[in-house]
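Reading the structure
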Amino acid sequence: MLIGELSRRTGVNAHQLRYYEAQGLLEAERGANGYREYDEKAVLRVKQIRHLLGAGLSSEDIAYLLPCAVGETPELLGCPELVAAMRSRLQRLDDQMDRLAQSRDALADYIDAAERTAGESYPPFDDADQELVPA
């Protein structure tokens, strides 16, 4: 099938399909006319890629995991290297979540402080000449 047909059947635009190919996630043969030609397995492969991307995996992670993928969702067979790679990715996500939680807490503290002093004007101005008045 040509790229347009693969796009229609998977809901993934042709630009993304070419990107998947460039990343080594998807393979296409070239016809005599130079057009990409995909086999029926490409539909399943694209669906697997989309599910794995939805799990927050990078294209590099996915390239590593795809040989162990079975089915559309996909189910990943537990090769030791696969489990180690997924644990590593999970740890990176946990670290990012910790940093985001710290940022969120700090921002919430700033908002609370700003709301407590909402009636105060800052910087303080002298109404007569609108210049800053030292605190």
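In this report, the structure presented in the accompanying data block is examined. Since the model is a prediction, treat every value here as computed from it, not as a measurement.

**Description of helix α1 (residues 3-10)**
Where α1 is concerned, the buried positions are Ile 3, Leu 6, Ser 7 and Thr 10. Summarising the axial view, the buried residues of α1 lie within an arc of 100 degrees, below the 170-degree limit, and thus occupy one face. Elements that come into contact with the buried residues of α1 comprise α2 (14-22), β2 (36-37) and α3 (41-54). Positive phi appears at Gly 11, one or two residues downstream of α1, with a value of about 80 degrees.

**Brief notes about the pattern of salt bridges**
Counting across every chain of the model gives six salt bridges. Among the salt bridges present, the one from Arg 36 reaches Glu 21, with a minimum N-O distance of 2.6 Å. Highlighted residues: Arg 36 in strand β2 and Glu 21 in helix α2, separated in sequence by 15 residues. What emerges from the salt-bridge pattern is a single network uniting Asp 61, Arg 89 and Arg 92.

**Some details on the nonpolar core**
Soluble globular proteins tend to pack their nonpolar side chains together in the buried interior. Of all hydrophobic cores here, the largest spans 21 residues; its most connected members are Leu 6, Leu 17, Tyr 20 and Leu 26. For this core, the secondary-structure elements that each account for two or more residues are α1, α2, α3 and α4 (59-65). It is α3 that provides the largest number of residues to this core, a total of five residues.

**Let's talk about a nonpolar patch on the surface**
A cluster of nonpolar side chains, Leu 107, Tyr 110 and Ile 111, forms an exposed patch at the surface whose accessible area comes to about 350 Å². Residue position: Leu 107 is located in helix α5 (residues 80-116). Residue Leu 107 is classed as exposed on the basis of its relative accessible area of 52%.

**Here's the deal with the side chain of Ser 59**
Looking at the element boundaries, Ser 59 is found in helix α4. Relative accessible area serves as the criterion here: at 16%, Ser 59 is assigned to the buried category. Side chain to side chain, Ser 59 and Gln 23 meet in a polar contact 3.3 Å long. Beyond its immediate chain neighbours, meaning those up to four positions away, Ser 59 contacts Tyr 19, Gln 23 and Leu 25.

**Re a negative patch on the surface**
Taken together, the side chains of Glu 27, Glu 29, Glu 37 and Asp 39 make up a negatively charged region of the molecular surface. With respect to the secondary-structure elements, Asp 39 resides in the loop between β2 and α3. Judged by relative accessible area, which is 45%, Asp 39 ranks as partly exposed.

Cut-off values and rules
- Residues numbered from 1 in each chain as written.
- Predicted model: local features only at pLDDT ≥ 70, side-chain atom pairs only at ≥ 80, totals over all residues.
- Heavy atoms only, no water.
- Buried < 20%, exposed > 50% of the residue type's maximum accessible area, 1.4 Å probe, protein only.
- Helix = DSSP H or I, 4+ residues; strand = E, 2+ residues; numbered from the N terminus.
- Arc of directions from axis to C-beta.
- Contact = heavy atoms within 4.5 Å.
- Salt bridge = Lys/Arg side-chain N within 4 Å of Asp/Glu carboxyl O.
- Core = buried A, V, L, I, M, F, W, Y, C linked by side-chain atoms within 4.5 Å.
- Patch = residues over 30% accessible without salt bridge, like charges linked within 9 Å, V, L, I, M, F, W, Y side chains within 5 Å.
- Areas by Shrake-Rupley, 256 points an atom, 1.4 Å probe, with all protein chains shown as cover.
- Polar contact = N/O pair within 3.5 Å; in protein donor to acceptor, adjacent residues only side chain to side chain.
- Lys, Arg positive; Asp, Glu negative; His and termini not counted.
- Charge placed at Lys NZ, Arg CZ, Asp CG, Glu CD.

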